Amino acid sequence: MKAAVLRYRVMAYVTGVVLIVLCFVGIPLQVAGYPAVANDVGVLHGILYIIYLVVAWVLARKLRLALKPTVIMLLAGTVPVMTFIVERWVTRRFINPALAAQTQPAQPVRP
Amino acid sequence: MENAAPATPAEDATPAGTGPAWRFLIQPRWVGWHLLVVVSFWGMLWLGDWQFHRAITGNGLSWAYTFEWPLFAGFAVVFWAKTIKDEFRIKRGLAPGSLAGSPADLDDLPVRVRAVQASTASPEDDEDEELSAYNAYLARLNAEVKHHGRWHGWRN
């Protein structure tokens, strides 16, 4: 579980950064007449997104997420800045409770 | 509530014998999901075809997307198939994506823990790590008690 979380986090941040570069550097340059950055970064994001898709899906299945959060997680990789927001949300809402449930406490945390 | 749809917790499932297990597939929510998958599958294939036409007319960049879109389309189908398979497993009272009682699956939570978590933990609660840990502990106790009864045939 922890390895899956780490893989997901790494890919969420890498894919997110590349998408931001694509949208806020590549696209303006393309509009200005220099398409090289958008082309290269676009292909890079395409490849990274495939990896993100697989990694995020593996984690979603480990967390036994329902359909809606799973789809939100997968599509986050295509919307600028969204991977960061969704990563925070998934961590708070699903990863932390799942990890807490895994580590068996000796006694209740709260009496 | 995100955790509720459409993977209904095992508690809400129709007990065995009151109807065919596949009945959920024709619920409106699931029909909507089937339609969404069909539309996105053909949409992505169409996008792949469009990129292929761009590629053969000289846009070299489009070759990458020519292969990428069908890949995504295939992924959508696999995803859809897995959601259905999981739902069948939940209906049978098994954890989705795992063999029944497989010891290799200790890494994963039992499905009932998740169901209980979904009902006890609201997004605000998760701010408090201590509280969510306690909730998870209660959920696990609850699941263990339920499973215990199940093993002895008291509950199904």
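The rules behind these values
- Residues numbered from 1 in each chain as written.
- Chains lettered and ligands numbered in written order.
- Predicted model: local features only at pLDDT ≥ 70, side-chain atom pairs only at ≥ 80, totals over all residues.
- Heavy atoms only, no water.
- Helix = DSSP H or I, 4+ residues; strand = E, 2+ residues; numbered from the N terminus.
- Buried < 20%, exposed > 50% of the residue type's maximum accessible area, 1.4 Å probe, protein only.
- Contact = heavy atoms within 4.5 Å.
- Areas by Shrake-Rupley, 256 points an atom, 1.4 Å probe, with all protein chains shown as cover.
- Axes fitted to C-alpha atoms, helices over the stretch in contact; angles between N-to-C directions.
- Parallel < 35°, antiparallel > 145°, perpendicular 65-115°, else oblique.
- Left-handed = near helix turned anticlockwise from the far one by under 90°.
- Nonpolar A, V, L, I, M, F, W, Y, C, P; charged D, E, K, R; others polar.
- Core = buried A, V, L, I, M, F, W, Y, C linked by side-chain atoms within 4.5 Å.
- Salt bridge = Lys/Arg side-chain N within 4 Å of Asp/Glu carboxyl O.
- Phe/Tyr/Trp six-rings, centres within 6.5 Å; stacked < 30°, edge-to-face > 60°.
- Lys NZ or Arg CZ within 6 Å of the ring centre and 35° of its normal.
- 1 Å grid on protein atoms, 1.4 Å probe; cavity = no way out; pocket = protein on both sides within 12 Å on 5 of 7 lines; lining within 4 Å.
- Points joined across faces, edges and corners; volume = space filled by probe spheres on them.

Caption draft 1: Region of the structure containing the overall build of chain B. When its secondary structure is counted, chain B shows 4 helices and 0 strands. Each helix (α) and strand (β) of chain B, taken in turn from the N terminus, gives the series α-α-α-α. Here chain B holds 156 residues, and the buried ones make up 37% of them. Long-range contacts, defined here as pairs at least 24 residues apart, represent 58% of the contacts in chain B between residues at least 6 apart. For chain B, the computed accessible surface area is about 9,200 Å², with 65% contributed by carbon and sulfur atoms.

Caption draft 2: Quick peek at the packing of helix α3 (residues 67-75) of chain A against helix α4 (residues 82-102) of chain A. All names here are of chain A. Contact geometry of α3 with α4 gives a least axis separation of 10 Å together with a crossing angle of 150°. Classified by the interaxial angle, the pair formed by α3 and α4 is roughly antiparallel. The two elements α3 and α4 cross, and the hand of that crossing is left-handed. Of the residues in α4, those in contact with P69, I72 and M73 of α3 are V86, W89, V90 and F94. Here the residues of the contact of α3 with α4 sort into 7 nonpolar, no polar and no charged.

Caption draft 3: Looking closely at the nonpolar core. Core analysis: the largest hydrophobic core is formed by 43 residues, its most contacted members being Y8, Y52, L59, L63, M73 and V90 of chain A. Elements represented by at least two residues in this core include exactly α1 (2-31), α2 (36-62), α3 and α4 of chain A together with α1 (28-56) and α2 (62-91) of chain B. Of the residues forming this core, the biggest block, 11 residues, is contributed by α2 of chain A. Sequence-distant contacts of L59 of chain A, defined by excluding residues within four places in its chain, comprise M1, A4, V5, Y8, M73 and I95 of chain A.

Caption draft 4: Broad picture of the pattern of salt bridges. Residues and elements named next belong to chain A. Evaluated as defined, the whole model comprises 3 salt bridges over all chains. As a salt-bridge pair, E87 and R9 come within 2.7 Å of each other at their nearest N and O atoms. Separated by 78 residues along the polypeptide, E87 in helix α4 and R9 in helix α1 bring together distant segments of the chain. The exposure class assigned to E87 is buried, which follows from its relative accessible area of 4%. The partly exposed category is assigned to R9, whose relative accessible area is 29%.

Caption draft 5: Molecular detail of the packing of aromatic side chains. Residues and elements named next belong to chain A. Here the structure, examined in full by the defined rule, presents 15 aromatic pairs over all chains. Relative to Y52, the ring of Y8 has its centre 6.1 Å away and its plane inclined at 40°; by these criteria the two rings are tilted. Here the residue Y8 occupies a position in helix α1, and Y52 occupies one in helix α2, the gap between them amounting to 44 residues. For Y52, a relative accessible area of 0% puts it in the buried group. Its guanidinium or amino end placed over the ring of W57, R61 lies 5.6 Å from that ring's centre, counting from NZ or CZ.

Caption draft 6: Summary view of α3 of chain A. Listed in full, the buried residues belonging to α3 of chain A are L67, P69, T70, M73 and L74 of chain A. For α3 of chain A, the elements touching its buried residues are α1, α2 and α4 of chain A together with α1 and α2 of chain B.

Caption draft 7: Representation of the layout of surface pockets within the structure. Here the largest pocket is characterised by a volume of approximately 890 Å³. In terms of lining, the largest pocket is formed by 35 residues, of which the most central are Y49 and T78 of chain A together with M44, W69 and F72 of chain B. Counting only elements with at least two residues in the lining of the largest pocket, the list comes to α1, α2 and α3 of chain A together with α1 and α2 of chain B. When residues in the lining of the largest pocket are grouped by element, the largest group, 9 residues, is from α1 of chain B.

Caption draft 8: Region of interest: the environment of A76 of chain A. All names here are of chain A. Here A76 lies in the loop between α3 and α4. Between the C-alpha atom of A76 and that of T15, which follows or precedes it by 61 residues, the distance is 9.7 Å. Not counting the four nearest positions on each side in its chain, A76 is found in contact with Y52, M82, T83 and V86.

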